[in-house]
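Fold and contact review
Residues per chain are reported as follows:
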Amino acid sequence: CPPQVHSLQELRRSASLATKVFVQRDYSDGTTCQFQTKFPPELESRIERQLFEETVKTLNGFYAEAEKIGGSSYLEGCLACATAYFIFLCMETHYEKVLKKISKYIQDQNEKIYAPRGLLLTDPLERGMRVIEISIYEDRCSSGSSSSGSSSSSSSGGGGGAGGR
Amino acid sequence: MSVMVARKKVVRKWEKLPGRNTFCCDGRIMMARQKGIFYLTLFLILGTCALFFAFECRYLAVQLSPAIPVFAAVLFLFAMATLLRTSFSDPGVIPRALPDEAAFIEMEIEATNGTVPQGQRPPPRIKNFQINNQIVKLKYCYTCKIFRPPRASHCSICDNCVERFDHHCPWVGNCVGKRNYRYFYLFILSLSLLTIYIFTFNIVYVALTGLGLGLFLGCSQSLTVLTVLEVLICFFTLWSVVGLTGFHTFLVALNQTTNEDIKGSWTGKNRVQNPYSHGNIVKNCCEVLCGPLPPSVLDRRGILQQEESTAQEESCPRGPRLCLCAQTDTLHGGVFMQVTAVFSLQVPAPPLSHAEMPEEKQLTSGELPVPPQDAGQAEH
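Residues numbered from 1 in each chain as written. Chains lettered and ligands numbered in written order. Predicted model: local features only at pLDDT ≥ 70, side-chain atom pairs only at ≥ 80, totals over all residues. Heavy atoms only, no water.

As recorded in an unreviewed UniProt entry, chain B goes by the name Palmitoyltransferase, listed as coming from Eolophus roseicapilla. You can read under Catalytic activity (unreviewed entry) in the UniProt record for chain B the words "L-cysteinyl-[protein] + hexadecanoyl-CoA = S-hexadecanoyl-L-cysteinyl-[protein] + CoA". Among the UniProt annotations of chain B, the heading Sequence similarities (unreviewed entry) holds the following wording: "Belongs to the DHHC palmitoyltransferase family. ERF2/ZDHHC9 subfamily." (UniProt positions renumbered as here; feature names shortened; annotations may be inferred.)

Going by what an unreviewed UniProt entry lists, chain A is known as GOG7B protein and is assigned to Eolophus roseicapilla.

Now the structure itself:
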């Protein structure tokens, strides 16, 4: 089969899940939510290193913005305390606003960059903020040759990452 | 068959969450399983305040100032609001790893440690991280199958890993962790103030009405007994709650958790210094009490994938009754595991176990994850 350029819908119909890669949290800056920018070897053949790092760095920037301790967050905290936290019934917290931005960004990245390469990012919020899950898809029509090819290359690169599936 | 389809119940994610929590109001409220002491707390606070407002306040408002009951009411409402917020909210539970993720981590661990020969005990699973130039160890949680973030701990009572785990408080019927620590602190602070307030004005009341004399003269016996009861409750509460507030003020100033204090994580010569403290008391207080509040990642009210509930309906002849049972039983909490066992009969699933069963059903391989549900996502 010729190499496919997938939209998200096409991906769902014609591809099957080959394996998943999990980008772990980076705790070197404390308990703030940051993810490791280390490039997973399983993605070596699928996406350029620079694009991946760009995505993770942007996400890290968003999370840093959400958890920023400064004037506005104190104001929000004090106002909430003064109203015995009833204000949260009608107002969204700053953190929630940023999470919505992150969700849009991930969807955008999936549509523009990752789905055409047969990859899919999962919002870390759906995984308890523990990992960024990247699903790697294979074309169903070429499942015979290319999946075995890619699984052998990823297993040699990732120390058996794909072997378990 | 058409009757069953019409009565199909929407299954929300809270019904399948592992761990020993109780959920009420269709997943909006989350508590620990044992709630007896929480009811006692409610009873003591409501009872004492009711007596105070009914008897002493009527006299004091007239004799001294009407501001007295007003201020007491404000304190009481604030204490109740923060108590309910502490008890009912998600303390910062870290959801368990899905099977794919757990397998990935296992493989990483084996790659680092090497396979262990038969009969030998595997080495403890610990990862070292450097935070602010100090080495902090991350432990692997065997129940949740994750490496716990720093400051997180696994609560054995609720069977969950909780972020910034402070302690499990039976008085509020919930764990105290990252998301509800500030509510907990404000609760004990406002309760201390309320107790001191009621205690003081009871003494003033006794002094003003000469009730001490009344005791001897034998008049208004019931009122005397109630006042004495209030004073006694306030006295014992004072010593415990005020002491606790003082202790937690100390912890907040140093940005420590009760768990770390008990374990002595940051004290002693050979231990590292607390890397999370900013070194400044004001900054620590501001961060703990007024810092940004992360939303719950549990997504309790999200709808579980519909494929599984339809599969249950088709294969089960008594579908609707089962679903109804599920709804009532989970509310009682005590039979939560029984309910999940019943569901497991309908769907081919591995044998019953806390950690594994629900995750197996949540994500079947080959399916794309459901797009985020905005309704359930950003919970309090």
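Let's shift gears to the sheet that holds strand β7 (residues 153–155) of chain B. Pairing in this open sheet of 3 strands is antiparallel, and the strands run β3-β8-β7 (chain B) from one edge to the other. With partners counted over all chains shown, the strands left at the sheet margins are β3 (93–94) and β7 of chain B, one partner each. (Pairing = 2+ DSSP bridges. Helix = DSSP H or I, 4+ residues; strand = E, 2+ residues; numbered from the N terminus.)

All names here are of chain B. For the structure on display, the rule yields 19 aromatic pairs over all chains. Seen in terms of ring centroids, Phe53 and Phe76 are 6.3 Å apart; in terms of plane orientation they differ by 75 degrees. Their pairing is edge-to-face. Here the residue Phe53 occupies a position in helix α2 (residues 36–63), and Phe76 occupies one in helix α3 (residues 67–88), the gap between them amounting to 23 residues. Both rings, one in Phe235 and one in Phe236, keep their centres 5.7 Å apart while their planes meet at 75 degrees; by these two values the pair is edge-to-face. An aromatic cluster is built from Phe199, Phe235, Phe236 and Trp239, whose rings are joined through pairwise contacts. The ring of Tyr181 has Arg164 lying over it, and the distance from NZ or CZ to the ring centre is 5.3 Å. (Phe/Tyr/Trp six-rings, centres within 6.5 Å; stacked < 30°, edge-to-face > 60°. Lys NZ or Arg CZ within 6 Å of the ring centre and 35° of its normal.)

All names here are of chain B. Of all residues in chain B, 67% have pLDDT values of 70 or greater, and the mean over the chain is 75. The low-confidence segment residues 307–380, where pLDDT is below 50, has 126 contacts with residues more than four positions distant or belonging to other chains. Quick note on the complex model: pTM equals 0.76, ipTM equals 0.77. (pLDDT = per-residue confidence, 0-100. Contact = heavy atoms within 4.5 Å.)

Think of interface size as the accessible area that goes away when the parts come together; that is how it is often given. Residues and elements named next belong to chain B. Assigned domains of chain B: these are domain 1 (13–94 + 168–290) and domain 2 (99–115 + 122–162). Between domain 1 and domain 2, the contact holds 23 residues from the first and 19 residues from the second. Taken over both partners, the interface formed by domain 1 and domain 2 buries close to 1700 Å², and the fraction arising from carbon and sulfur atoms is 56%. It is Arg20, Ile94 and Tyr276 in domain 1 that bury the most area against domain 2; as a group they hold 34% of the surface buried on that side. Inspection of the domain 1/domain 2 interface yields 1 salt bridge. The residue Glu260 makes a salt bridge to Arg151 at a minimum N-O spacing of 3.0 Å. (Domains from an automatic or database assignment. Buried area = accessible area lost by both parts, 1.4 Å probe. Salt bridge = Lys/Arg side-chain N within 4 Å of Asp/Glu carboxyl O.)

Attention now moves to the packing of helix α3 (residues 71–82) of chain A against helix α9 (residues 281–290) of chain B. Relative to each other, α3(A) and α9(B) sit at 60 degrees, their axes nearing to 9 Å. With respect to α9(B), the axis of α3(A) lies oblique. Seen from above, α3(A) lies across α9(B) with left-handed handedness. Across from A:Ser73, A:Tyr74, A:Gly77 and A:Cys78 in α3(A), the residues of α9(B) making contact are B:Cys286, B:Glu287 and B:Cys290. Partitioned by chemical class, the residues of the contact of α3(A) with α9(B) number 4 nonpolar, 2 polar and 1 charged. (Axes fitted to C-alpha atoms, helices over the stretch in contact; angles between N-to-C directions. Parallel < 35°, antiparallel > 145°, perpendicular 65-115°, else oblique. Left-handed = near helix turned anticlockwise from the far one by under 90°. Nonpolar A, V, L, I, M, F, W, Y, C, P; charged D, E, K, R; others polar.)

Residues and elements named next belong to chain B. This chain's UniProt record puts "transmembrane region" (unreviewed entry) on residues 37–55, 67–84, 183–208 and 228–254. Along residues 37–55 one finds 100% helix and 0% strand; the C-alpha atoms at either end are 27 Å apart. In the segment residues 228–254, helix accounts for 100% and strand for 0%; the C-alpha atoms at its two ends are 39 Å apart.

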